[in-house]
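Spelled out from the first residue to the last, the chains are:
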Amino acid sequence: MKLILFFNGWGMDENIISHLDIPSGYTLKTINFPYDINSAIFQQYNEVIPVGWSFGSYYLAKYLTENNIKCKKVISLNGSPEMIGKNGISEGVFNLTLDTLTPDTLLKFYGNMGIDDTFSPSKKNFQDIKDELQYFKDHYVPQKNVFTHAFIGKKDKIIPVSRQKKYFETNETAFTEITCGHYPFSAIKSWDILIGE
């Protein structure tokens, strides 16, 4: 059996990917904030393919680096190991999002992600979602690139597309552009698109 290990985005839970088909021979494990995972899981499967979406890409890079774990495939989806600054969200925009975050502005943020009727919001309460963003800011340190392939939404309004492309080009990581916004799970219906099965 093979494992798809999904590092989820900011404020999300399993709902976000509940409609995706899982390829035969694979099981899926979703890792949400605070991204706690026992590294023994990597010995329990014939192959583990880690996939990070958005902030999950950052936390995935951090986890693999800190634990010195190597995988044949490591996939990034609308994210990178450098989420704030010249290769990600500008510091000013990040701080403005955090400082002005309310339940209403969170809904506007979801709109800017390019959601559609496939989007299932998290069951997390608002304060936990805000605390998660504050934690990210307080502990942010750029990470090393661990990705073997990246997928970049052509309409991503959250992390500038040009910055994502430049980052992965500079790090000699192949990437594929897909027609979606920051929320990719309207264009992506099955995990096999990402893992290449």
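On a predicted model such as this, the values are computed, not experimentally measured, just so you know.

Caption draft 1: Structural detail: the overall build of the protein chain. Looking only at helices and strands, the protein chain has six helices and six strands in total. Reading the helices (α) and strands (β) of the protein chain from amino to carboxyl end gives β-β-β-α-β-α-α-α-β-α-β-α. In summary, the protein chain has a C-alpha radius of gyration of 16 Å against a globular reference of 16 Å for 197 residues, a match within 12%. Here the C-alpha coordinates of the protein chain stretch approximately 45 × 35 × 30 Å along the principal axes. Counted over contacts in the protein chain with a minimum sequence separation of 6, partners at least 24 positions apart contribute 77%. Within the structure as shown, the protein chain displays about 9400 Å² of accessible surface, and the carbon and sulfur contribution to it stands at 48%. In the protein chain, 20 side chains carry a positive charge and 22 a negative one; their mean positions are 4 Å apart.

Caption draft 2: Geometry of unusual backbone geometry. Each neighbour pair has its own omega, and for Phe33 with Pro34 the value is 10°, a cis peptide bond. Here Pro34 shows up in the loop between β2 (26-31) and β3 (47-53). A positive phi is found at Asn78, a non-glycine position, where the angle reads about 50°. The exposure class assigned to Asn78 is buried, which follows from its relative accessible area of 0%. Within the chain, Glu172 stands out as a residue other than glycine whose phi angle is a positive 55°. Position of Glu172 among the secondary structure elements: in the loop between α5 (161-170) and β6 (174-178).

Caption draft 3: Examining the layout of surface pockets more closely. If you add up the space inside the largest pocket, you get close to 370 Å³. For the largest pocket, the lining is made up of 22 residues, of which Trp10, Val93, Thr97, Phe109 and Ile158 are closest to its centre. Of all the secondary structure elements, the ones that give two or more residues to the lining of the largest pocket are α2 (91-99) and α3 (103-112). A breakdown of the residues in the lining of the largest pocket according to their chemical character gives 13 nonpolar, seven polar and two charged. One number sums up the size of the second largest pocket: a volume of about 220 Å³. Taken together, Phe33, Pro34, Tyr35, Tyr58, Tyr59, Lys62, Tyr63, Glu66, Tyr135, Phe136, His139 and Tyr140 form the lining of the second largest pocket. Looking at the lining of the second largest pocket element by element, the count peaks at five residues for helix α1 (residues 55-66).

Caption draft 4: Representation of the pattern of salt bridges. Under the definition given, this model contains four salt bridges. Glu47 is paired through a salt bridge with Lys2; the nearest N and O atoms lie 3.7 Å apart. A residue pair is termed long-range when its members are at least 10 positions apart, and Glu47 in strand β3 and Lys2 in strand β1 (residues 2-7) qualify at 45 residues. Of the charged contacts in the structure, one is a salt bridge between Lys165 and Glu177, with a shortest N-O distance of 3.5 Å. Of this pair, Lys165 sits in helix α5 while Glu177 sits in strand β6; the two residues are 12 residues apart in sequence, bridging distant segments of the chain.

Caption draft 5: How the structure looks around the pairing of β3. Most of β3 sits inside the fold, with seven of its seven residues counted as buried. In β3, alternate side chains face the same way, and those of Glu47, Ile49, Val51 and Trp53 on one face and Val48, Pro50 and Gly52 on the other are all buried. Both β1 and β3 contribute to a ladder of six bridges, which runs parallel. Residue pairing in the sheet places Phe7 in a bridge with Gly52 of β3. With three bridges connecting them, β3 and strand β4 (residues 75-77) associate as parallel partners. The residue bridging Val51 from the neighbouring strand is Ile75, located in β4. In terms of handedness, the path from β3 via α1 over to β4 forms a crossover that is right-handed.

Caption draft 6: How the structure looks around the nonpolar core. Ranked by internal contacts, the top residues of the largest apolar core, which has 64 residues, are Phe7, Ile16, Phe42, Val51, Met113, Phe136 and Phe185. The leading source of residues in this core is α1, at seven residues.

The rules we used
Residues numbered from 1 in each chain as written. Predicted model: local features only at pLDDT ≥ 70, side-chain atom pairs only at ≥ 80, totals over all residues. Heavy atoms only, no water. Helix = DSSP H or I, 4+ residues; strand = E, 2+ residues; numbered from the N terminus. Rg over C-alpha atoms; globule rule 2.2 N^0.38 Å. Contact = heavy atoms within 4.5 Å. Areas by Shrake-Rupley, 256 points an atom, 1.4 Å probe, with all protein chains shown as cover. Lys, Arg positive; Asp, Glu negative; His and termini not counted. Charge placed at Lys NZ, Arg CZ, Asp CG, Glu CD. Buried < 20%, exposed > 50% of the residue type's maximum accessible area, 1.4 Å probe, protein only. 1 Å grid on protein atoms, 1.4 Å probe; cavity = no way out; pocket = protein on both sides within 12 Å on 5 of 7 lines; lining within 4 Å. Points joined across faces, edges and corners; volume = space filled by probe spheres on them. Nonpolar A, V, L, I, M, F, W, Y, C, P; charged D, E, K, R; others polar. Salt bridge = Lys/Arg side-chain N within 4 Å of Asp/Glu carboxyl O. Pairing = 2+ DSSP bridges. Right-handed = clockwise from strand over helix to strand, strands pointing away. Core = buried A, V, L, I, M, F, W, Y, C linked by side-chain atoms within 4.5 Å.

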